[in-house]
Amino acid sequence: MEVKDANVALLSNFEVFQLLTDLKQQRKESGKTKQSSGQQNLNTIMYETLKYISKTPCRYQSPETVRDFLVAMKGHKLTKAEKLQLLNHRPVTAVEIQLMVEESEERLTEEQIESLLQTVTSILPGDPEEQQRDSAMATEGKGDQA
């Protein structure tokens, strides 16, 4: 097999999650029970990938969210790969941004990093349970200060 163009397209975790979820649904509906060993291997890979990806922020994303995020990112001078990493990982700290954006110290000011974090956290949904815990802790902290 020959790879003609390795970078035809980059897929986000959300797109992979959607694709595998749709394939899984189609397989359930077809109802085939007898499978070759190659098919069983593919099923294992699909299962393991879905298991991993369902623990990432892409689980809470939608096509509209992804589109809104990419439109908002046009103002930031980032590469496609960097935007993809931000989309897949949903960073919440400046350190995470520095790990995902190459040479971020030279390319971005602290204000730009804060703006980037604000954009990411405001557009991309996080884990609802985690957000509830964080807001409960913030409320608790305010109660302690009073």
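Here we summarise the structure given alongside this text.

**A short note on the overall build of the chain**
When you go through the chain residue by residue, the secondary structure sums to 8 helices and 0 strands. Shown N-terminal to C-terminal, the secondary structure of the chain runs as helices and strands in the order α-α-α-α-α-α-α-α. For the chain, the residues scored as buried account for 26% of the 146 residues in total. Long-range contacts, defined here as pairs at least 24 residues apart, represent 67% of the contacts in the chain between residues at least 6 apart. For the chain, the accessible surface area stands at approximately 10,900 Å², while carbon and sulfur atoms represent 51% of it.

**As for the nonpolar core**
Of all hydrophobic cores here, the largest spans 22 residues; its most connected members are F69, M73, L78, L86, I97, L108 and L116. Of all the elements in the fold, those that place two or more residues in this core are α1 (13–30), α2 (37–53), α3 (63–73), α4 (80–89), α5 (94–100) and α7 (110–123). For this core, the element with the most residues is α7, which contributes 4 residues. The contact partners of L108, leaving out residues within four places of it in the chain, are I97, V101, I113 and L116.

**Structural notes on the side chain of K83**
Mapping K83 onto the fold places it in helix α4. Although K83 lies buried, it forms no salt bridge, and the closest oppositely charged side chain, E82, sits 8.3 Å away as judged by the N-O distance. The residues touching K83, leaving out its near neighbours within four places in the chain, are F69, M73 and L78.

**Thoughts on unusual backbone geometry**
Positive phi, normally seen in glycine, also occurs at R90, with a value near 45 degrees. Along the polypeptide, R90 turns up in the loop between α4 and α5. For R90, a relative accessible area of 13% translates into the label buried.

Reading the values: the criteria
- Residues numbered from 1 in each chain as written.
- Predicted model: local features only at pLDDT ≥ 70, side-chain atom pairs only at ≥ 80, totals over all residues.
- Heavy atoms only, no water.
- Helix = DSSP H or I, 4+ residues; strand = E, 2+ residues; numbered from the N terminus.
- Buried < 20%, exposed > 50% of the residue type's maximum accessible area, 1.4 Å probe, protein only.
- Contact = heavy atoms within 4.5 Å.
- Areas by Shrake-Rupley, 256 points an atom, 1.4 Å probe, with all protein chains shown as cover.
- Core = buried A, V, L, I, M, F, W, Y, C linked by side-chain atoms within 4.5 Å.
- Lys, Arg positive; Asp, Glu negative; His and termini not counted.
- Salt bridge = Lys/Arg side-chain N within 4 Å of Asp/Glu carboxyl O.

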